Amino acid sequence: MVKLTNVNKHFGSFQALKDINLAIPKGQVVIVVGPSGSGKSTLCRTINRLETIDEGGEIMIDGKELPAEGKDLAKLRAEVGMVFQSFNLFAHKSILDNVIMGPMKVRKMRKAEAKERAMELLRRVGVEAQANKMPAQLSGGQQQRVAIARALAMRPKVLLFDEPTSALDPEMVNEVLDVMTSLAKEGMTMVVVTHEMGFARKAGDRVVFMADGEIVEDTTPEDFFTNPQSDRAKDFLGKILSNQ
């Protein structure tokens, strides 16, 4: 479903991604972990072309190469939903309008149909009662669940999550992770950058551990947590797990 081949990314002289090769089959949940500055978020953002990549690399979504720009990029980007750290809801639009906008504009869906689908999704993530409120009237956990509903409204083939719980108060983290866990169980192809190790263990099919812009380990959650192979991963797990 997602294939990255020889992906490199420079910000000036700094190399954020180094020769990334990664293939994600349909329905797989890949958890990307690693220390700060390891390239996790950059990797996530290149899959949606929010970051360009250096020449010579290639990103394929469902067998099609991700174009650099233009109409084809917008079309392919509609297949890749993204949930950000900071919700990114439109502050001046109601919750319902936030969710129906994409399907109507990009998918050319009729308003009545978009509304019906939006309410179904808001129900699914547990915030249907908030449909007519503005984002500022909701808690962070509710806003992030709306952001997930908004991404799902486009019927994406892949969902990317870039540290979706790191801006939330601790008591709101689980309500968002529960929604993500149920999506994982339903077979949604997901790439999740997160510090939530319990979620990685429970919902992930695969853990990709990054350090210094490289993929250092790519294995099952079980193997990663019980038997990390590299010193970098051992060090990372030692620090993370002693804090949890």
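Below: a short report on this structure. Note that this is a predicted model, so its numbers are computed, not measured. (Residues numbered from 1 in each chain as written. Predicted model: local features only at pLDDT ≥ 70, side-chain atom pairs only at ≥ 80, totals over all residues. Heavy atoms only, no water.)

Further remarks concern the side chain of R206. Looking at where R206 falls in the secondary structure, it is placed in strand β9 (residues 206–211). For R206, a relative accessible area of 13% corresponds to the buried category. A polar side-chain atom of R206 sits 2.8 Å from the main-chain carbonyl oxygen of A23. At 2.8 Å, the side chain of R206 forms a polar contact with the side chain of D218. (Helix = DSSP H or I, 4+ residues; strand = E, 2+ residues; numbered from the N terminus. Buried < 20%, exposed > 50% of the residue type's maximum accessible area, 1.4 Å probe, protein only. Polar contact = N/O pair within 3.5 Å; in protein donor to acceptor, adjacent residues only side chain to side chain.)

The relation between two aromatic rings is expressed through the spacing of the ring centres and the mutual angle of the planes. Counted under the stated rule, the structure contains three aromatic pairs. For the pair F209 and F224, a centre-to-centre distance of 5.7 Å together with 35° between the ring planes defines the contact as tilted. One end of the pair, F209, is in strand β9; the other, F224, is in helix α8 (residues 221–226), and 15 residues separate them in sequence. The class of F209 is buried, set by a relative accessible area of 0%. (Phe/Tyr/Trp six-rings, centres within 6.5 Å; stacked < 30°, edge-to-face > 60°.)

At N88, a residue that is not glycine, the phi angle is positive and equals roughly 55°. Within the fold, N88 resides in the loop between β6 (80–83) and α3 (95–105). With a relative accessible area of 36%, N88 lands in the partly exposed category. One non-glycine residue, D212, lies in the positive phi region at around 50°.

So far we have only geometry, and geometry alone does not tell us how the molecule works.
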